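Residue-level structure breakdown
Residue-level listing of the chains:
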Amino acid sequence: MVLTHYNTVIMFDQSGWDHSRFPLHRRFSGGRCDPKDDMHDSLCYAHSVEYDVLSNKIRPLNLESDAWCSSGSMLSDGRLIRMGGFGSGSRRIHYFEPCGNVSRCYWKEGRKVLAERRWLASSVRLAESEDRVIVLGGRNAFSYEFLPKRFPGERSFHLPFLQKTYEAEEGGNNLYPIVHLSYDNHLFIFANRDSILFNYKRSAVVKTFPRIHGKGSRSYPSTGSSVILPLDHNDGFAKTEVMICGGATSGAFGAAKRGQFLMGMSTCGRMVITGNIHVWRMEKMPEARLMSDMIILQNGHILIINGVKNGSAGVHYASDPALEPYLYDPKKPLGKRFTTLKSTKIARMQSSSAILLPDGRVLVAGSNPNNKYVVKNATYPSELRLQAFSPPSSGKEFGDRRAHNVTVESSEGIRYGEEFSVKFLAKLHSVHEVQFTVYATPFNTHSMSMNQRLLRLRCKKIERSKDLWVRAVVEAPPSMVAPSVLNKAILLTSLCNKVLSPSINTPTP
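Residues numbered from 1 in each chain as written. Predicted model: local features only at pLDDT ≥ 70, side-chain atom pairs only at ≥ 80, totals over all residues. Heavy atoms only, no water.

Right, let's talk about the confidence of the model for the protein chain for a bit. For the protein chain, the mean per-residue pLDDT works out to 89, and 92% of the residues sit at or above 70. Low pLDDT, under 50, characterises residues 494-509; the stretch is placed with 74 contacts to residues that sit more than four places away or in other chains. (pLDDT = per-residue confidence, 0-100. Contact = heavy atoms within 4.5 Å.)

Now the structure itself:
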């Protein structure tokens with residue numbers, strides 16, 4: 001799933017195994033779909049949709065190649081780029097440009113293709129003016145490549161680290177590698193249990209980090225999850241700290257093939273990847289967990305939601321869904337950072353997703369541990385329902401303390417490193433209780449929230465009037481820490497009385 005700047009959500013479905021549950025009356029090519037004769041024609045079913053959160057309506061999109069296990073990024077103009085997938089879709093590149101007139105917004109296939117097949121690969125947008133994205137890994141792809149290419153005829157580049165971390169008997173255990181862009185413009189790459197700091201411009205490993213503790217793997221199909229903890233203007237955004245949680249015990253994939261579901265890993269590791277001291281500092285979650293989603297909330301807390309407690313990723317390879325979300329406060333003392341939240345009744349296992357919405361809720365969707373759509377007579381049926389989870393900070397009891405009517409006052413848009421003005425309504429005891437953050441919306445799939453990051457911004461000036469209007473001057477972050485936060489894909493939020501306000505989309509081109 002991906003959130004657009006029109007507050008709609010783009011969703012994908014695989015098309016290689018079975019038709020979806022969204023039949024079409026006509027093919028996008030124009031031909032009529034007969035309910036009797038075309039039941040097994042994949043072109044008579046939607047394999048991507050756009051969901052309007054406010055109207056609660058869904059419309060089909062024309063994505064014909066198989067997007068199953070693909071990757072993607074938001075570009076600076078608000079377009080979504082989606083790369084790779086399964087089968088014939090493994091080298092395809094598609095673009096989606098959201099627009100106000102929904103009848104004209106559809107997927108467009110790029111003229112060029114990937115240099116290699118990319119199934120279960122990762123991507124991240126780089127801090128470059130060309131809107132360049134790097135794509136790494138995938139099944140039998142121990143390499144990376146750039147989009148767009150840096151020079152004519154450029155191909156992919158071998159990355160030995162991906163080959164070294166590959167475990168053939170365990171389904172790979174290095175697919176969907178975790179990739180984060182560091183403050184120094186290098187890439188943190190984590191696969192299986194190991195990690196490096198990579199200078200992609202020189203194609204060189206800058207650092208090899210210590211192995212994370214724990215007897216197991218944290219990459220697909222062992223599938224842990226990860227975030228960069230919020231970056232802060234107080235240290236010039238220079239401290240980059242990575243957090244990785246959960247995963248599968250050693251041998252879990254092979255055991256799941258035999259119908260045995262080993263307990264997952266219950267530990268999280270935090271490590272600062274900038275500076276010169278690199279140590280994994282471990283802590284325990286309330287219970288074991290894998291295949292979960294880690295979402296950064298607007299107040300800097302981390303929501304851990306979805307997933308299972310036992311087994312591995314794969315068809316019928318897991319059991320015991322993790323129904324209780326966890327809330328993690330990075331600033332609390334060790335041992336007091338996790339809070340267990342209200343349980344759901346819907347199992348969100350293999351292929352579930354979660355994304356942050358502008359109003360502070362988290363949209364949760366998906367789950368299909370089966371090899372086709374199985375909605376009846378299954379232990380864990382294919383899940384077609386959507387849920388909106390409300391973290392404690394978005395509760396109604398804090399409504400009178402949130403900012404309302406938030407407006408970015410900038411006729412020429414917001415520029416990196418420069419000041420801009422914000423105006424909003426709020427009941428404040430003190431102007432010092434206000435914080436400002438920007439959030440990069442991720443491409444979320446298979447417990448990966450690609451490109452996700454949150455930055456706390458410097459407020460240069462703030463004042464309030466008697467009619468409750470508050471005006472502030474805020475300093476935008478530099479481009480090297482925010483390659484995609486000052487564009488249409490980003491949400492701007494203010495924090496009042498330590499409670500989140502509604503988010504808005506910046507109007508910059």
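What follows concerns unusual backbone geometry. For the bond running from Leu 147 to Pro 148, omega is -5 degrees, close enough to zero to count as cis. Checked against the element boundaries, Pro 148 lands in the loop between β11 (143-147) and β12 (157-158). Even without being a glycine, Ser 203 presents a positive backbone phi close to 55 degrees. Positioned with a positive phi, Ser 447 is a non-glycine residue whose angle comes to about 70 degrees. Within the element layout of this structure, Ser 447 appears in the loop between β36 (443-445) and β37 (448-450). For Ser 447, a relative accessible area of 5% puts it in the buried group. (Helix = DSSP H or I, 4+ residues; strand = E, 2+ residues; numbered from the N terminus. Buried < 20%, exposed > 50% of the residue type's maximum accessible area, 1.4 Å probe, protein only.)

Looking now at the sheet that holds strand β6 (residues 80-83). The antiparallel open sheet is built from four strands, whose spatial order is β5-β6-β7-β8. Edge positions in the sheet fall to β5 (71-74) and β8 (107-109), since each of these pairs with one other strand and no more. Taking each pair of neighbouring strands and ignoring which way they run, the sheet shows an average axis angle of 25 degrees. Direction of pairing for β5 relative to β6: antiparallel, over a ladder of four bridges. Its bridge partner being in β6, Ser 73 is matched across the sheet by Ile 81. (Pairing = 2+ DSSP bridges. Axes fitted to C-alpha atoms, helices over the stretch in contact; angles between N-to-C directions.)

So, about the nonpolar core. Counting residues in hydrophobic clusters, the biggest one holds 63 residues, and the most contacted among them are Leu 80, Phe 188, Ile 244, Phe 420, Phe 424, Phe 436 and Leu 457. Grouped together as the second largest cluster of nonpolar side chains are 26 residues, Met 243, Ile 305, Ala 354 and Tyr 439 included. (Core = buried A, V, L, I, M, F, W, Y, C linked by side-chain atoms within 4.5 Å.)

Right, let's get into the pattern of salt bridges. Within this structure, the stated rule accounts for 20 salt bridges. Put simply, Glu 109 and Arg 92 hold a salt bridge, and the shortest N to O gap is 3.4 Å. Placement of Glu 109 in strand β8 and of Arg 92 in the loop between β6 and β7 (93-96) is noted, with a sequence separation of 17 residues between them. Here Glu 109 falls in the partly exposed class, since its relative accessible area comes to 44%. When the shortest N-O distance is used, the salt bridge between Arg 211 and Asp 194 registers 2.8 Å. Here Asp 194 lies in strand β15 (residues 194-199) and Arg 211 lies in the loop between β16 (204-208) and β17 (216-217), a separation of 17 residues in the sequence. Residue class for Arg 211 comes out partly exposed when judged on its relative accessible area of 43%. Linked by salt bridges that have partners in common, Glu 419, Arg 458, Lys 460 and Glu 475 make up one network. (Salt bridge = Lys/Arg side-chain N within 4 Å of Asp/Glu carboxyl O.)

Here the focus is the sheet that holds strand β25 (residues 302-305). Spatial strand order, β24-β25-β28-β29: four strands in an open sheet with antiparallel pairing. Only two strands of the sheet have a single partner each, and these edge strands are β24 (293-296) and β29 (338-340). Pairwise comparison of adjacent strand axes, ignoring direction, gives a mean angle of 25 degrees for this sheet. For β25 and strand β28 (residues 326-328), the ladder comprises three bridges, and the chain directions are antiparallel. Directly across from Leu 303, in β28, lies its bridge partner Leu 327.

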